Amino acid sequence: AKDAGRGCFAYFSEDLTLAARERIALESRLRRAIEQQDLRVFYQPQVDIISGRIIGAEALVRWQDSVEGLIPPIRFIPIAEETGLILVIGEWVLRETCRQGRQWLDAGLLPLTLAVNVSPHQFRRSDICDLVATVLSDTGFPASQLELEITESGLMDNQGNATEILNCLRGQGIRLAIDDFGTGYSSLACLKHFPLDLLKIDKSFIDDIPHLQDDMEIASTIIAMGHILGFKVLAEGVETPEQLMFLQEKGCDMYQGYIKSCPVPAEEFVELLRNQQRL
Ligand code: C2E
Ligand code: CA
Ligand code: CA
Ligand code: CA
């Protein structure tokens, strides 16, 4: 029986090795990266669709590894979310973005809205509202210039508390956006009651414009619906002039996408702003 037990254990551990060992290795590397301050915040412009001017930016985390180079969030956010490390990462990104935003204000740059992603794991914590208040007061960044992006699924996972948390954040004067809209299952009844400012149309609905009639209809319906609910609407992942023209025609308010710029380090973002001020 002992042998069987050992055999079983051996079999099990070998079976686990590949996927699990890689994950554990990545998790401990990620912990070290956080300690050694190897995380970076990149900024992607958010653009007013009529004037074409940059009016804000989304803060997007990167991992600057000494061996592998720049590691994209898709490689480590899911693991961070599972292990709870996202709480540390999310707080760091929030703090760093507010610090940077304050510095830009002090340097005389025009006020911008800076958008920070809040993961479902962070959003489930009832202390998120206190945390944000603390970071704003520590950094001196104005609440009115901070926007928090919560995914549609993050909101729906937590319907009981969501309204309460959103109201608490909104009460501080922070702006709220629903991210990846169209990929979750929110009901209109819920949406109507959430105190939101902005609805971000998921990139997957933009990609095939102007080739897929269905996606064009979905995108224009989301724009119209967002406006009826009293929200501004931003399209994500705009890459072509055709997509931009379509969205302009449909009355979309803002966009983000490679057609303007991919996410860039802070210094490059400032360059983009300075170029536009010279125009
Ligand atoms: P997201 O919040 O939907 O962010 C938008 C993603 O779309 C970014 O990818 C951005 O680089 C990409 N993107 C924007 N415009 C275009 C375009 O025109 N074409 C293409 N192909 N892509 C475009 P990124 O930076 O790799 O981030 C991926 C995801 O990782 C984010 O999706 C978000 O879910 C997550 N993430 C990134 N930073 C953070 C963070 O600080 N906290 C949390 N919780 N999640 C984060
Ligand atoms: Ca986002
Ligand atoms: Ca998104
Ligand atoms: Ca997305």
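Being a predicted model, the structure only gives us computed values, none of them experimental.

Rules used throughout
- Residues numbered from 1 in each chain as written.
- Chains lettered and ligands numbered in written order.
- Predicted model: local features only at pLDDT ≥ 70, side-chain atom pairs only at ≥ 80, totals over all residues.
- Heavy atoms only, no water.
- Donors = N, O, S within 2.8 Å, 3.2 Å for Na, K, Ca; no water.
- Helix = DSSP H or I, 4+ residues; strand = E, 2+ residues; numbered from the N terminus.
- Buried < 20%, exposed > 50% of the residue type's maximum accessible area, 1.4 Å probe, protein only.
- Lys, Arg positive; Asp, Glu negative; His and termini not counted.
- Salt bridge = Lys/Arg side-chain N within 4 Å of Asp/Glu carboxyl O.
- Polar contact = N/O pair within 3.5 Å; in protein donor to acceptor, adjacent residues only side chain to side chain.
- Contact = heavy atoms within 4.5 Å.
- Disulfide = S-S within 2.5 Å.
- Axes fitted to C-alpha atoms, helices over the stretch in contact; angles between N-to-C directions.
- Parallel < 35°, antiparallel > 145°, perpendicular 65-115°, else oblique.
- Left-handed = near helix turned anticlockwise from the far one by under 90°.
- Near = heavy atom within 4 Å.
- Areas by Shrake-Rupley, 256 points an atom, 1.4 Å probe, with all protein chains shown as cover.
- Nonpolar A, V, L, I, M, F, W, Y, C, P; charged D, E, K, R; others polar.
- Core = buried A, V, L, I, M, F, W, Y, C linked by side-chain atoms within 4.5 Å.
- Pairing = 2+ DSSP bridges.
- Right-handed = clockwise from strand over helix to strand, strands pointing away.

Engineer: Outline the coordination of the calcium ion (ligand 3), supporting the account with residue identities and numerical values.
Structural biologist: Those protein atoms acting as donors to the calcium ion (ligand 3) are D179 (OD), D180 (OD), E236 (OE) and E236 (OE), and they sit at 2.2 to 2.6 Å. Each donor residue of the calcium ion (ligand 3) lies on the same chain, and together they follow the pattern D-D-x55-E. Taken as a pair, the calcium ion (ligand 3) and the calcium ion (ligand 2) show a spacing of 3.8 Å, with D179 coordinating each metal. A residue pair is termed long-range when its members are at least 10 positions apart, and D180 in strand β6 (residues 175-181) and E236 in the loop between β8 (232-235) and α10 (241-249) qualify at 56 residues.

Engineer: An account of the side chain of E81 is requested, with residue identities and associated values reported.
Structural biologist: Note that E81 resides in helix α2 (residues 73-83). In this structure E81 is buried but unpaired, with R124 as the nearest side chain of opposite charge at 4.3 Å. For E81, the side chain forms a polar contact with the main-chain nitrogen of H121, separated by 3.0 Å. When neighbours within four sequence positions are excluded, E81 is seen to be in contact with I86, S119, P120, H121 and R124.

Engineer: Residue-level account of the state of the cysteines, with values.
Structural biologist: Counting across every chain of the model gives one disulfide. Covalently, C129 is tied to C168 through a disulfide, its sulfur atoms 2.0 Å apart. The chirality of the disulfide connecting C129 with C168 is left-handed, given an S-S dihedral of about -90°. Here C129 is found in helix α5 (residues 128-139), whereas its partner C168 is found in helix α7 (residues 159-171), with 39 residues between them in sequence. Since its relative accessible area comes to 6%, C129 is described here as buried.

Engineer: Could you give me a rundown of the environment of M225, with the residues and numbers involved?
Structural biologist: Relative to the elements of secondary structure, M225 occurs in helix α9 (residues 213-228). By relative accessible area, which is 19% here, M225 ends up buried. Spatially, the C-alpha atom of M225 lies 9.9 Å from that of L199, the residues being 26 residues apart in sequence. Beyond its immediate chain neighbours, meaning those up to four positions away, M225 contacts F181, L188, L191 and L199.

Engineer: Talk me through the packing of helix α3 (residues 85-106) against α5; I want residue IDs and the actual numbers.
Structural biologist: The geometry of α3 relative to α5 is characterised by a closest axis approach of 9 Å and an angle of 30° between their N-to-C directions. On the basis of the axis angle, α3 is roughly parallel to α5. Note on packing geometry: the crossing formed by α3 with α5 is right-handed. On α5, the residues touching E91, L94, R95, C98, R99 and R102 of α3 are L131, V132, V135, L136, D138 and T139.

Engineer: Give me the lowdown on the pattern of salt bridges, citing residues and values where you can.
Structural biologist: Enumeration over the complete set of coordinates arrives at 17 salt bridges. R95 is the salt-bridge partner of E91, the closest N and O atoms lying 3.7 Å from each other. Placement of both E91 and R95 in helix α3 is noted, with a separation of four residues, approximately one turn of the helix. A relative accessible area of 29% means that R95 is categorised as partly exposed. Members of the salt-bridge network, linked through shared partners, are R29, D65, E68 and R75.

Engineer: A description of the site of ligand 1 should follow, citing residues and the corresponding values.
Structural biologist: The full set close to ligand 1 counts 21 residues, and Q44, R62, K203, E239 and Y258 are the nearest of them. One nitrogen or oxygen atom from the side chain of D180 is found 3.3 Å from an oxygen atom belonging to ligand 1. For ligand 1, whose free accessible area comes to 800 Å², the fraction covered by protein is 80%. Among the secondary structure elements, those contributing two or more residues to the shell around ligand 1 are β2 (54-65), α2, α3 and β6. A breakdown of the residues in the shell around ligand 1 according to their chemical character gives nine nonpolar, five polar and seven charged.

Engineer: Describe the nonpolar core, with residues and values.
Structural biologist: Among the nonpolar cores identified, the biggest contains 79 residues, and L146 and L148 are the most heavily contacted of them. In terms of residue count, the dominant contributor to this core is α3 (seven residues).

Engineer: How would you explain the pairing of β8 if you had to name every residue and give the values?
Structural biologist: Relative to β8, strand β7 (residues 198-201) is paired through four bridges, and the arrangement is parallel. Across the sheet, the residue bridging to I201 is A235, located in β8. Crossover handedness for the path β7 to α9 to β8: right-handed. Where β8 lies against strand β9 (residues 254-255), two bridges are found, and the strand directions are parallel. Along β9, the bridge assignment pairs L234 with M254. After leaving β8, the chain enters α10 and then returns to the sheet as β9, a path that is right-handed.

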